[in-house]
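Given next are the chains, with one letter for each unit.
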Amino acid sequence: MLTSEETINKTKEFVKETLIGAEGGHDWFHTLRVYNNALLISKNEGVDLFVVSLGALLHDIADSKFHNGDETIGPKIAREFLFKLNVDSSVIEHVVNIIENISFKGGNEAQKFTSPELNVIQDADRLDAIGAIGIARCFNYGGFKNRQLYNPEIKPNLNMSKAEYKSSTAPTINHFYEKLLLLKDRMNTKTGEKIASERHAFMELYLKQFYNEWNGKL
């Protein structure tokens, strides 16, 4: 029987190997940042650190964006991997529920599961979507999908359904309004709120500079 530490280390090895060659915004380093963010937030939340660690490490093991929108692959891979490590079934179910419910899906999709551990990991994941790294990830993914940087004629759509959100081909700047700038007010924890507030302000400053440069202003 593996110890918790051994299980976490084997999970790190598995995720790192699985995500070799992944798109730069959803690679091993994204997972590692989310894991570290989750541990930081957990200090003030009184959560099960084993569940938080496994959930954070496996949250993007097979992001549906890179699997034709299939949201079942990630949970399936995580379940099978943890089962092979003889992880307790209740922990496996909790981690799978976290993976199934962590994402910002657009369309004001209702979350079907909640727990303090999910709250922590969701905040950790959302923090990596905003601020300096969030901006870098946003444009990296836009380039990966060959999207325009910005098109003043294509306005952000704040009333998309889940299907519309997932299939959107809008310019990258639109994503700031359709997701990134909304995350500050969707944090679950006090630590998440504090960090998000700082990163949100940085994004607003960035957008102001972007539009000034786009429009030839000082």
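An account of the accompanying structure is given in this report.

Rules behind the numbers
- Residues numbered from 1 in each chain as written.
- Predicted model: local features only at pLDDT ≥ 70, side-chain atom pairs only at ≥ 80, totals over all residues.
- Heavy atoms only, no water.
- Helix = DSSP H or I, 4+ residues; strand = E, 2+ residues; numbered from the N terminus.
- Rg over C-alpha atoms; globule rule 2.2 N^0.38 Å.
- Buried < 20%, exposed > 50% of the residue type's maximum accessible area, 1.4 Å probe, protein only.
- Contact = heavy atoms within 4.5 Å.
- Areas by Shrake-Rupley, 256 points an atom, 1.4 Å probe, with all protein chains shown as cover.
- Lys, Arg positive; Asp, Glu negative; His and termini not counted.
- Charge placed at Lys NZ, Arg CZ, Asp CG, Glu CD.
- Salt bridge = Lys/Arg side-chain N within 4 Å of Asp/Glu carboxyl O.
- Polar contact = N/O pair within 3.5 Å; in protein donor to acceptor, adjacent residues only side chain to side chain.
- Axes fitted to C-alpha atoms, helices over the stretch in contact; angles between N-to-C directions.
- Parallel < 35°, antiparallel > 145°, perpendicular 65-115°, else oblique.
- Left-handed = near helix turned anticlockwise from the far one by under 90°.
- Nonpolar A, V, L, I, M, F, W, Y, C, P; charged D, E, K, R; others polar.

**Points about the overall build of the protein chain**
From N to C terminus, the protein chain includes ten helices and zero strands. Moving toward the C terminus, one meets the helices and strands of the protein chain in the order α-α-α-α-α-α-α-α-α-α. Radius of gyration (C-alpha) of the protein chain: 18 Å, near the 17 Å computed for a compact globule of 218 residues. Across its three principal axes, the protein chain shows a C-alpha extent of roughly 65 × 35 × 30 Å. Residues counted as buried form 46% of the 218 residues belonging to the protein chain. Sequence separation of at least 24 residues holds for 66% of the intrachain contacts in the protein chain that already meet a minimum separation of 6. Surface exposure of the protein chain reaches about 11,700 Å², of which carbon and sulfur atoms provide 52%. Where the 26 positive side-chain charges of the protein chain centre and where its 29 negative ones centre are 4 Å apart.

**Concerning the side chain of Asp27**
Secondary-structure assignment places Asp27 in the loop between α1 (4-18) and α2 (28-42). Of the side chains bearing the opposite charge, Arg33 lies closest to the buried Asp27, which forms no salt bridge; the N-O distance is 5.1 Å. Among the polar contacts listed, one links the side chain of Asp27 to the backbone nitrogen of Phe29, at a separation of 3.2 Å. Engagement of the side chain of Asp27 in a polar contact is seen with the backbone nitrogen of His30, the distance being 3.0 Å.

**Details of the pattern of salt bridges**
Following the criterion strictly, the structure yields seven salt bridges and no others. Arg33 is the partner of Asp128 in a salt bridge, and the nearest nitrogen-oxygen pair spans 2.7 Å. Here Arg33 lies in helix α2 and Asp128 lies in the loop between α6 (116-127) and α7 (131-144), a separation of 95 residues in the sequence. Classification of Asp128 by relative accessible area gives buried; the value is 2%. Residue Lys190 is joined to Glu193 by a salt bridge in which the shortest nitrogen-to-oxygen separation is 4.0 Å. In this pair, Lys190 and Glu193 both sit in helix α10 (residues 190-214), three residues apart, roughly one turn of the helix. Accessibility expressed as a relative area gives 65% for Lys190, which makes it exposed. Look at Glu193 and you get partly exposed, because its relative accessible area is 35%.

**Looking at the packing of α1 against α2**
Contact geometry for α1 and α2: axes closest at 9 Å, N-to-C directions at 150°. By the angle between their axes, α1 is roughly antiparallel relative to α2. Crossing of α1 against α2: the hand is right-handed. Within the contact between the two elements, α1 uses Ile8, Lys12, Val15 and Lys16 and α2 uses Trp28, Thr31 and Tyr35. Within the contact of α1 with α2, the residues separate by chemical class into four nonpolar, one polar and two charged.

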